[in-house]
Amino acid sequence: MEKEAPMKTVEEFIKDFEYDANELYEALSVSTDEYVYVCDMRRRTIRYPADMVEEFGLPGEVVQDPLPCWKDIIHKDDWNVFYETNMESFSGELIHHVVEYRAKNKKGTYVWLQCRGAVVKDKDGEPYLFAGFISNLGKRNRIDHQTGLFNKYEFQSRIESWLKEGKNLPFGVLFLGVDNFKHVNELYNREFGDEVLRILSQKMQSVLPYNAECYRLDGDEFGVLIKDTTKEELQECYSLIRKAFDRQQSFRGNKYYCTISCGGCMAPGDGRQYLELARCAEYSLDYSKRHGKNRSTFYSSEIAVDFSRSLELTELLRESVEHGFEGFSLVYQPQVDAAEGRIKGVEALLRWKCGKYGAMVPSDFIPLLEESGLIRQVGKWVMREAAAVVSRWNRYIKDLTMSINISYHQVICPRDEGPGEDVFSYLLPLLTQQQVNLNNIILEFTESYVASDLEDLREKLNGVRRKGIKVAIDDFGVGYSSLGVLKEAPVDLVKIDRVFIKGIEKDDFDAAFIKLVTALCHQVGVRVCQEGVETKEECDRVCRMGPDYIQGFYYSRPVTEQEIFEKYICPKDPL
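Residues numbered from 1 in each chain as written. Predicted model: local features only at pLDDT ≥ 70, side-chain atom pairs only at ≥ 80, totals over all residues. Heavy atoms only, no water.

Side note on the overall build of the chain
Stage number 1. A count of helical and extended segments in the chain gives 22 helices and 22 strands.
Stage number 2. A burial count over the chain gives 50% of its 575 residues as buried.
Stage number 3. Taking as baseline every contact in the chain between residues at least 6 positions apart, the subset at least 24 positions apart corresponds to 61%.
Stage number 4. Total accessible area computed for the chain in this model is approximately 29300 Å², and 49% of it derives from carbon and sulfur atoms. (Helix = DSSP H or I, 4+ residues; strand = E, 2+ residues; numbered from the N terminus. Buried < 20%, exposed > 50% of the residue type's maximum accessible area, 1.4 Å probe, protein only. Contact = heavy atoms within 4.5 Å. Areas by Shrake-Rupley, 256 points an atom, 1.4 Å probe, with all protein chains shown as cover.)

Some points on the sheet that holds strand β13 (residues 296–298)
Stage number 1. If you walk across this open sheet you meet the five strands as β8-β9-β7-β12-β13, and the pairing is mixed. With partners counted over all chains shown, the strands left at the sheet margins are β8 (212–216) and β13, one partner each. Here the average twist between neighbouring strands, direction ignored, is 20°.
Stage number 2. Here strand β12 (residues 260–267) pairs with β13 via three bridges, running parallel. (Pairing = 2+ DSSP bridges. Axes fitted to C-alpha atoms, helices over the stretch in contact; angles between N-to-C directions.)

Topic: the pairing of β8
Stage number 1. Where burial is concerned, most of β8 is hidden: four out of the five residues are buried.
Stage number 2. Bridging between β8 and strand β9 (residues 221–227) involves five bridges; their strand directions are antiparallel. Among the inter-strand pairings, Glu213 is bridged to a residue of β9, identified as Leu225.
Stage number 3. The turn linking β8 back onto β9 is made up of four residues, and Gly219 within it adopts a positive phi angle of 55°.

As for helix α20 (residues 508–523)
Stage number 1. Counted at 1.5 Å a residue, the expected span for α20 with its 16 residues is 22 Å, and the 22 Å between its end C-alpha atoms agrees.
Stage number 2. Residues Asp510, Ala511, Phe513, Ile514, Val517, Thr518 and Cys521 constitute the buried set of α20. Buried residues in α20, looked at end-on, bunch into an arc of 160°, giving them a common side. Exposed residues lying more than 90 degrees from the buried face of α20 are Asp508, Phe509, Lys515 and Gln523. (Expected span 1.5 Å × (residues − 1). Arc of directions from axis to C-beta.)

Focus: the packing of aromatic side chains
Stage number 1. This model, assessed by the stated rule, comprises 26 aromatic pairs.
Stage number 2. Considering the side-chain rings of Phe476 and Phe513, the 6.5 Å spacing of their centres and the 25° angle between planes classify their relative orientation as stacked. Highlighted residues: Phe476 in strand β19 (residues 470–476) and Phe513 in helix α20, separated in sequence by 37 residues. Like Phe476, the residue Phe513 is buried in the burial classification.
Stage number 3. A network of ring pairs unites the aromatic residues Tyr35, Tyr48, Phe56, Trp70, Trp79, Phe82, Tyr83 and Tyr101 as a single cluster.
Stage number 4. Just above the ring of Tyr426 sits the side chain of Lys380; from NZ or CZ to the centre is 5.1 Å.
Stage number 5. The ring of Phe553 is capped by Arg557, whose NZ or CZ atom sits 4.0 Å from the centre of that ring. (Phe/Tyr/Trp six-rings, centres within 6.5 Å; stacked < 30°, edge-to-face > 60°. Lys NZ or Arg CZ within 6 Å of the ring centre and 35° of its normal.)

Re the side chain of Glu538
Stage number 1. Here Glu538 is to be found in helix α21 (residues 536–543).
Stage number 2. Overall, the relative accessible area of 13% leaves Glu538 in the buried class.
Stage number 3. Filtering out sequence-adjacent residues up to four positions away, Glu538 remains in contact with Ile501, Ile504, Glu505, Gly532 and Val533.

Quick look at the confidence of the model for the chain
Stage number 1. The predicted model of the chain averages 84 in pLDDT, with 87% of residues at 70 or higher.
Stage number 2. Under a pLDDT of 50 for its full length, residues 414–420 has, in the predicted model, six contacts with residues more than four places off or in other chains. (pLDDT = per-residue confidence, 0-100.)

Regarding the sheet that holds strand β4 (residues 96–104)
Across a sheet, strands are paired by hydrogen bonds formed along the backbone, either parallel or antiparallel in direction.
Stage number 1. The strand order across the open sheet formed by six strands is β3-β2-β1-β6-β5-β4, and the pairing between neighbours is antiparallel. Across the chains shown, the open sheet's two edge strands, defined by having one partner strand only, are β3 (62–64) and β4. Neighbour-to-neighbour, the strand axes of this sheet turn through a mean angle of 20°, independent of strand direction.
Stage number 2. In the sheet, strand β1 (residues 35–40) pairs with strand β6 (residues 127–136) via six bridges, with the strands oriented antiparallel.

Observations concerning the nonpolar core
Stage number 1. Counting 79 residues, the largest nonpolar core has Phe328 and Met402 as the members making the most contacts within it.
Stage number 2. For this core, the element with the highest residue contribution is helix α13 (residues 375–393), accounting for 10 residues.
Stage number 3. For Phe328, the residues in contact, after removing those within four places along its chain, are Leu317, Ser320, Val321, Leu350, Arg351, Trp352, Leu369, Val378 and Trp381.
Stage number 4. If you look at the next biggest cluster of nonpolar residues, it comprises 31 residues, including Ala212, Leu234, Ala244 and Tyr256. (Core = buried A, V, L, I, M, F, W, Y, C linked by side-chain atoms within 4.5 Å.)

Describing the pattern of salt bridges
Where side chains of opposite charge bring their charged atoms close, a pairing between them can arise.
Stage number 1. One pass over the full model with this rule turns up 25 salt bridges.
Stage number 2. Between Arg198 and Glu195 there is a salt bridge; the shortest N-O distance is 2.7 Å. Of the two residues, Arg198 and Glu195 both sit in helix α8 (residues 190–207), three residues apart, roughly one turn of that helix.
Stage number 3. Assessed through its relative accessible area of 26%, Arg198 is described here as partly exposed. (Salt bridge = Lys/Arg side-chain N within 4 Å of Asp/Glu carboxyl O.)

As structure tokens, this is what we get:
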């Protein structure tokens, strides 16, 4: 009878037990909702799972000297405790590491994390391995407390379960983003913004079809899932949502206007994993935001290319700003007196040319300036340049005006920059320094901005108008409450959008609208400029409707300072 082999001791079993460290890490990562991290303390190198890299925009899955990359992610009030506990672990002072802190994800939303880890020392007592788990504390509750909707973790879980049900089961994914929602928070406060999000979520649910599921994602974004659907049905779903928000809303006596942009994709065609589908929908939403907002875009390979290009362009814009606004320039389009045909003013228009892509159209780079916050620095540069130019021109034509376009981001002071950083506080000292007559400066705001922010803007606009600076509404007629804006807004000039010129020879409505707006403006002492006039026929017909000024290719395309000077300011052959 053979003897049974003696049972191995635990030490012998462990000695013979072999496994691949990478495979172990991957198995742990995919089998838990927590983030698994492993740190080589000798090389000060740490490994993070892919979904954590995606969530927080980390440099990569393997990061050397990781603490600096967390500096801008960790909430400033939590940075000291985060830094100190990590340094104590790296030095070997702490064997067990437990710390809670807030971290900002890629969407700009702070989430609470709890990090639990342990330090392993070598035979000489030196720390060489630091490993553990980082828990997103929000995952413990699948309901978003502000809206009552399921949250982004349930959204992810739902997608993953549908993907497991059948590889070829079609379903649609929509990412919905509230346009300019930051604006609502800045105008009122975050508490009011939270209430607006709750109202928006209720309205979304009320218009969605029975087979659609709605989720609250990060910040001002929502997700919608529809099983066994088509792209056409997804588009119809978005159309219902868009229609529900295409008018001014009111809450507690405060008015707000929030349109919805959409990015969509289809499974399994656009992806067979959650991160793939989320990325496709996110890229598509970003495209909608950068190409006019209040619209939908469905994923294609071109969208991914466009997204990568926009990231690259943003960095190129940043380089231009850091190198003394290299590549930026201004061109000027005349505004001509409709009755006399002489130049009355010019509009300063921003242009940008980069070494890699050449001259860019404004619609390609101005939204990127606004999204990145660079518009505040570039806007100041525009004002300096335009002020210097009009100061020179006013030596020849004393009443020549300079119109400068103003972005919302230049008006609202970011909370982290403190007071005194908005366009109004910057512009007045600049104009005094440049010895510019304040009466010759016109600040242009888009109608949609004025309409949505009228209560907050009124005091500021009246303040600069009292000093002599004029205010204009640009793109008038394409907003959601044009006549209401005309009645309430403290402005000196209304610029009627060019869309009303295109059909003026055939469309009686366009002609009637121009005539009506002109008459109403003159009734209350507001002047009118008609934009987009390109032909003599258009000019003749528009002039019969009584506007004060004409702007468009018929008189001149946007040209350089020198060309304006030679043709209009000091011409050899006067007009």
